[in-house]
Structures are given as C-alpha cells and as structure tokens.
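Inside the fold
The lines below spell out each chain.
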Amino acid sequence: MSFQASIHINGYFENFFDKKSIDLFRDLALNGEALTTIVDDKSVESAGEAVTVGHADCRHPFMTLNLNRTICHFSNRLDVGMHFVKTGGFNGHIEYYERMVARIIPFRRRLVQKNYNSLINLKNLPEFNSVKFIDRVKEICADCYLFKKDPSSHKKSSILNEMFQLDLLLMLPGQELPMHLNVPYFWGADRNTLPQWLLVLMKKSKLFDHLFIPQVQGFSWLDLEQYTGVEPTEQYVDINGDGGDFYFYPYKEQLKKNPITNVEEVSKENANKYVILKQVANSAIMLDGAQVIHGVDRYRHYDIPPLFSHNHHYKIRFNKETNLWTLYDFQDNELRNYYKNDVKLMVVWNMHCFATEQEKIKFHSQTENITLDYVMNVFKEDLKKKDRLPTDDLEPLNLWTIVIKEYLSYPANTHQQSSTFFGINYCLLPNIVPKWISDKFLQPFLEGRC
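Note that this is a predicted model, so its numbers are computed, not measured. (Residues numbered from 1 in each chain as written. Predicted model: local features only at pLDDT ≥ 70, side-chain atom pairs only at ≥ 80, totals over all residues. Heavy atoms only, no water.)

If you tally the helices and strands in the protein chain, you get eleven helices and 21 strands. Taken across its 450 residues, the protein chain has 52% of its residues classed as buried. Taking as baseline every contact in the protein chain between residues at least 6 positions apart, the subset at least 24 positions apart corresponds to 77%. Accessible area for the protein chain stands at about 21700 Å²; split by element, carbon and sulfur atoms hold 51% of it. (Helix = DSSP H or I, 4+ residues; strand = E, 2+ residues; numbered from the N terminus. Buried < 20%, exposed > 50% of the residue type's maximum accessible area, 1.4 Å probe, protein only. Contact = heavy atoms within 4.5 Å. Areas by Shrake-Rupley, 256 points an atom, 1.4 Å probe, with all protein chains shown as cover.)

This is how it looks when you write it as structure tokens:
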C-alpha cells in the first residue's frame, strides 16, 4: 500500500547501527549488569486521589497499592494497564488478570538517565550524529502541529534535538509492549511534577497542547549474535511466527465540525488502522511516540512468563560462564534460566524537539511548574462545556474517574484473531464479581478458556 510505503520512507531504517555500535550495545547487555523490571517507580505518587490502606476508596477499580504498600493510588501507567487487561490488547487475548499483568512487565537498563547523565558517550555513536538521521528527526519534529502553526519561527533548519532517554529493553518469551503513548513533556510539567497517567490524559485531551513539547522516539531490534546486514525490503507483514513485531497507529485525532450540531468534535475516522513492521535485526523505526499510539506484539505467543507482581522489582542478568540469562525475583532467588537467544532485546531512545537553541536553554532553566489545581480547573471547565461535570465540589478521585472515562481512549483490538467477547477480556470477571458467584458460576465456564 502506498500509505505504508510513505511511512517507510519517512521514519524507517535498515542496517541502522554499524558493527562497532552493535558490539557496544551487545556488550552492555551481556556484561553481567542486571536489567530490572519496569514497575511503579513513580516520582509523583498521586494527583490527590491517594488514600491510606484500609480506606473505603481502596476498593475503587482504578486503585492499586504503592510499592511500600502504605497507600492506594492510581498506578503509574493506569492508561496502559487498564486498556490492556480489559480488552486483551492488540491481539485481543483472553487471560486471567495475574497472567495479563506479567505479560507487560519488561526489563530495562537505562543508558541515558532522566537527568540527562549518560553511561555512554553519545558522540561516539555515529548513527545519532549522521546528517541523514538528524534530518529525519527534524522532519518528524517539523510535522508537529505546533511547528506547522508558526513555520516562520519554527524552521526545520533551526530545529534542535536532545536525547533524554536511551534504554536497553528486554522482553521474555510470552511478553509484549502493550499499545501506549510515551509520557509527554509540557512547559512546566513532566513526570517529576505530575503523575504519568495524568500527563498522558493532558495530551489526549488536547487542552494543554499549547504547552506541549514535541519529541521523537526511536526503536531498534538488537541481535545478540554476530552482526550481519540485511538486504533492503519494502515488506510490512503480520508475521505468524515468533511475533515481537512493532505496530503503530498513524492516525491522528482531528477536530471536525458536526454538520448537524455545527460543533467541533474529535473525528475518529481511520482510528483503528494500524501498520505492522516486521522485526528485522538492526532495523529502526522513528516516530513521535507521545502522539502516535504504538507497541510491540507478543513475542512467542504461546510461552507463559513467570507471574510477576507489579509491586516488586525483578531482575535478569546474563552469565557468560553458563551462556544463560538468569531471572531473579525481588528477594534475589533464582526463578528461571533462558538461552541466550530466547529473549528479545531492543534499543529505545527519546529526543526532545526544540525550535531554537534559545528554547532549549529556556527548557533547562525553567523554574515555574504547572500546578495540580490549574490542571484540575482546566479539565473542569472543559467538562462543564460538555455537560459532564455533576458539581464543582468533586473529590479528586471522583474528578479523575470522570476525566479518565471522558478523555482516555486507545484503539479497540482490531486483530482478526481476537477471542474477546465484544472487545472485553471476560477472564477478568473473577476479579470483579463476588467470590461466591465466581466460584459457583464463573469458574466452571472459564476453565479451559482463560
């Protein structure tokens, strides 16, 4: 399709890293340092919804325990987890809650920290400094409506980029990266000042777009064996093999006037159209991950990972003597070994887009933050216009519940093999209904299906 080909030209690379860079990443992955699970390592615990353990609000369906098990609050990426376990994700899988959670807890090692400290010298990676790479990044930045809105002061030639995240990401057999948006950055608001789920909602609502800072995400598959180049290909295929393919939804929400009411509404046309990119070692895809929904399909669909808890850190490290990956629980007990090539490794990076050098300096020197009260009031005003706000005196938990239901949306699972019931993962029912109903009526039906 020409639609897919145009995506290929603008943000897809083959043979992206040279042998020296691949050897560097391979050594970082196999040097015995641990990669740890991505759990709720929140900088901000709550947006006012948190209560102490034992409070009646802990029974709210959006609530979960924090790592110290002292409070109930919304999980870091409530938006991602809620959609995944409820719908079964991209492929519409039907499984019990505990297994679904374990599917989406990958392992990570930070190479560029959130405070911009780097464990490697980015200047020594020619791929990130090539004219071709920088030009592609600028094209993606320039495509952001903020830059299009005022092209005279946002010229492509003057756009600057700064890498603020570089990770090694590892998935076990049976795991996937669920469809999601990257956590956005705003002038005066980031993951150090507001919860990540709230930042995503701010972007989804479009109410804070005047403060949005565009970014570019890159994603590349890392082969752990000897590097070999591949012949260029134009294929975009849905693999029936090991899975682990990258998918994304190029559709962007647009406001269109309703011909009947003459009111501007969000158009959902083409919302469920997606592109799947075949996983090819050392290929790379770049996009604005804060605006384009994306994910990685389940790797080795029929494998079952250990039932990780999202409230604990697990780790995995490579042992050169045994040539095996060893998985450890949060108490350093060995859980399982994996052969070297059983896991799926990726290199992931994120870069800010700045219109000018002055804007970059302004970003790093900013001292004023958006307050939580300001964010709440903006949402309240918009909800009033839509007649969705029952009263001004809502408690934070009740307000955020309304906000989530109003503004949070991810595409319905559109894969033809979906086994859900009208888009719902019915294996979640035992977590919702009273235990006696589950034991007497549900379990006999669900046995063998979940």
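Tallied over the entire structure, the rule returns 33 aromatic pairs. Aromatic pair F16 and F17: ring centres 4.7 Å apart, planes at 70 degrees, arrangement edge-to-face. With a relative accessible area of 2%, F17 lands in the buried category. Here a set of aromatic residues connected by ring pairs shows up, and it is made of F62, F74, W197, F208, Y374, F379, W400 and Y407. The ring of F212 carries K203 above its face, with NZ or CZ at 4.8 Å from the centroid. One cation-aromatic arrangement involves K362 over W187; the distance from NZ or CZ to the ring centre is 5.1 Å. (Phe/Tyr/Trp six-rings, centres within 6.5 Å; stacked < 30°, edge-to-face > 60°. Lys NZ or Arg CZ within 6 Å of the ring centre and 35° of its normal.)

What follows is about the packing of helix α7 (residues 196-205) against helix α10 (residues 396-407). Orientation of α7 relative to α10, taken along the N-to-C sense of each, is 45 degrees, at an axis distance of 10 Å. The angle between the axes of α7 and α10 places the two elements in the oblique class. Considering only the axes of α7 and α10, their crossing is left-handed. Of the residues in α10, those touching α7 at W197, L198, L201, K204 and S205 are W400, V403, I404 and Y407. Residues that form the contact of α7 with α10 fall into these classes: seven nonpolar, one polar and one charged. (Axes fitted to C-alpha atoms, helices over the stretch in contact; angles between N-to-C directions. Parallel < 35°, antiparallel > 145°, perpendicular 65-115°, else oblique. Left-handed = near helix turned anticlockwise from the far one by under 90°. Nonpolar A, V, L, I, M, F, W, Y, C, P; charged D, E, K, R; others polar.)

It is worth spelling out the pattern of salt bridges at this point. Side chains bearing opposite charge may pair, as long as their charged atoms lie close to each other. Under the counting rule described, the total for this entry stands at 15 salt bridges. Of the charged contacts in the structure, one is a salt bridge between R103 and E95, with a shortest N-O distance of 2.5 Å. We note a salt bridge from K384 to E381, for which the minimum N-O separation is 3.4 Å. Of this pair, K384 and E381 are both found in helix α9 (residues 372-385), three residues apart, which corresponds to roughly one turn of the helix. (Salt bridge = Lys/Arg side-chain N within 4 Å of Asp/Glu carboxyl O.)

Overall, antiparallel pairing links the four strands, which are arranged β8-β17-β12-β15 in an open sheet. Bordering the open sheet on either side are β8 (177-180) and β15 (275-277), each of which pairs with just one other strand. Across the sheet, the mean angle separating the axes of adjacent strands is 15 degrees when strand polarity is ignored. Bridge analysis of strand β12 (residues 246-249) against strand β17 (residues 293-296) gives four bridges, and the strand direction is antiparallel. Counted as the bridge partner of Y247 is G295 from β17. (Pairing = 2+ DSSP bridges.)

Moving on to the pairing of β17. Burial along β17 is two-sided: I293 and G295 facing one way and H294 and V296 facing the other are all buried. One ladder, built from two bridges, connects β8 with β17; its direction is antiparallel. Residue pairing in the sheet places H180 in a bridge with H294 of β17.

Turning our eyes to something else, we now look at the environment of E359. Relative to the helices and strands, E359 is located in helix α8 (residues 357-365). Distance in space between the C-alpha atoms of E359 and L160 is 9.1 Å, their sequence separation being 199 residues. Excluding residues that lie within four positions of it along the chain, E359 makes contacts with W187, C353 and F354.

Residues F74, L198, M202, V375, F379 and W400 are the most contacted members of the largest nonpolar core, which totals 54 residues. If you list the elements that add at least two residues to this core, you get β5 (71-74), α3 (78-87), β9 (185-186), α7, β10 (212-213), β12, α9 and α10. For this core, the element with the highest residue contribution is α10, accounting for seven residues. Excluding residues that lie within four positions of it along the chain, V375 makes contacts with L194, L198, M202, F208, I370 and W400. (Core = buried A, V, L, I, M, F, W, Y, C linked by side-chain atoms within 4.5 Å.)

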